[in-house]
Amino acid sequence: MLKQVSMRIPEEFYETVKKLSQLEKQEKSFIVREALKEGLEKLRKEKAVSLYKERKLSLSEAAKLADVGAGEMMELLIKAGVKSEISIEDFEESSKVKIEL
């Protein structure tokens, strides 16, 4: 279900949205939703890396915040130059898959 949000944006943002809307033949609201989605995904990953680096989140907590698996979270940390201090046991625990029958 979509929720409505009203906000003011800088004129240059609006012009960019307008141009993309015309080029892609999409509604402006669609363009804004896509940009917001991509921006939030990037922000969640950056925040997860930052909080893990500050030792405020465990690997599994960071992965949950970033909405990725433990392996992908480790890749994000490596790309960000963050050295992992987790043990093999920590990784195995965070990557367990629960199967319900």
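Above this text is the structure in question.
From a predicted model like this one, the values you see are computed outputs, not experimental measurements. (Residues numbered from 1 in each chain as written. Predicted model: local features only at pLDDT ≥ 70, side-chain atom pairs only at ≥ 80, totals over all residues. Heavy atoms only, no water.)

Looking at this structure, I do not really get the overall build of the chain. What am I missing?
If you tally the helices and strands in the chain, you get five helices and zero strands. Each helix (α) and strand (β) of the chain, taken in turn from the N terminus, gives the series α-α-α-α-α. By sequence separation, contacts in the chain at least 24 residues apart represent 35% of the contacts at least 6 residues apart. (Helix = DSSP H or I, 4+ residues; strand = E, 2+ residues; numbered from the N terminus. Contact = heavy atoms within 4.5 Å.)

What is the right way to look at helix α2 (residues 28-53) in this model?
Think of an α-helix as turning once every 3.6 residues; residues three or four places apart then point the same way. For α2, spanning 26 residues, the distance from its first C-alpha to its last is 37 Å, which sits close to the expected 38 Å at 1.5 Å a residue. Buried residues of α2: Ile31, Ala48, Val49, Leu51 and Tyr52, and no others. Packed against the buried residues of α2 are α1 (11-24), α3 (59-66) and α4 (70-79). Looking one or two residues past α2, arginine 55 carries a phi angle of roughly 60°, positive in sign. (Expected span 1.5 Å × (residues − 1). Buried < 20%, exposed > 50% of the residue type's maximum accessible area, 1.4 Å probe, protein only.)

Got a minute to help me understand α4 in this structure?
Taken together, the buried positions of α4 are Ala70, Met73, Leu76 and Leu77. Seen from one end, α4 has its buried residues packed into an arc of 115°, which puts them on one side. Counted as exposed and oriented over 90 degrees from the buried face of α4: Ile78 and Lys79. (Arc of directions from axis to C-beta.)

Honestly, the packing of α2 against α3 in this entry has me stumped. Any pointers?
A pair of packed helices is characterised by two quantities: the angle between their axes and the separation of those axes. In the contact formed by α2 and α3, the axes pass within 8 Å of each other and the chain directions differ by 165°. Regarding the angle of α2 to α3, the classification is roughly antiparallel. By crossing handedness, the relation of α2 to α3 is classed as right-handed. Contacts between α2 and α3 involve Arg44, Lys45, Lys47, Ala48, Leu51 and Tyr52 from the first element and Leu59, Ala62, Lys64, Leu65 and Ala66 from the second. (Axes fitted to C-alpha atoms, helices over the stretch in contact; angles between N-to-C directions. Parallel < 35°, antiparallel > 145°, perpendicular 65-115°, else oblique. Left-handed = near helix turned anticlockwise from the far one by under 90°.)

Teacher, can you tell me more about the nonpolar core here?
Grouped together as the largest cluster of nonpolar side chains are 13 residues, with contacts concentrated most on Val49, Tyr52, Leu59, Val68, Met73 and Leu77. In this view, leucine 77 contacts Val49, Tyr52, Leu59 and Val82; residues no more than four positions away in its chain are not counted. (Core = buried A, V, L, I, M, F, W, Y, C linked by side-chain atoms within 4.5 Å.)

Would you take a moment to explain the side chain of serine 21 for this structure?
For serine 21, the position within the fold is in helix α1. Apart from residues lying up to four places away in sequence, serine 21 is in contact with Gln26, Glu27, Lys28 and Ile31.

So what exactly am I meant to see when it comes to a nonpolar patch on the surface here?
A cluster of nonpolar side chains, namely Val5, Met7, Ile9, Phe13, Tyr14 and Val32, defines an oily patch on the protein surface of about 580 Å² accessible area. Accessibility expressed as a relative area gives 35% for valine 32, which makes it partly exposed. (Patch = residues over 30% accessible without salt bridge, like charges linked within 9 Å, V, L, I, M, F, W, Y side chains within 5 Å. Areas by Shrake-Rupley, 256 points an atom, 1.4 Å probe, with all protein chains shown as cover. Salt bridge = Lys/Arg side-chain N within 4 Å of Asp/Glu carboxyl O.)

Honestly, the environment of alanine 63 in this entry has me stumped. Any pointers?
By the secondary structure assignment, alanine 63 is in helix α3. Alanine 63 sits in the buried class, given a relative accessible area of 5%. Sequence-wise, alanine 63 and tyrosine 52 are 11 residues apart; in three dimensions their C-alpha atoms are separated by 9.5 Å. Excluding residues that lie within four positions of it along the chain, alanine 63 makes contacts with Val68, Gly69, Ala70 and Met73.

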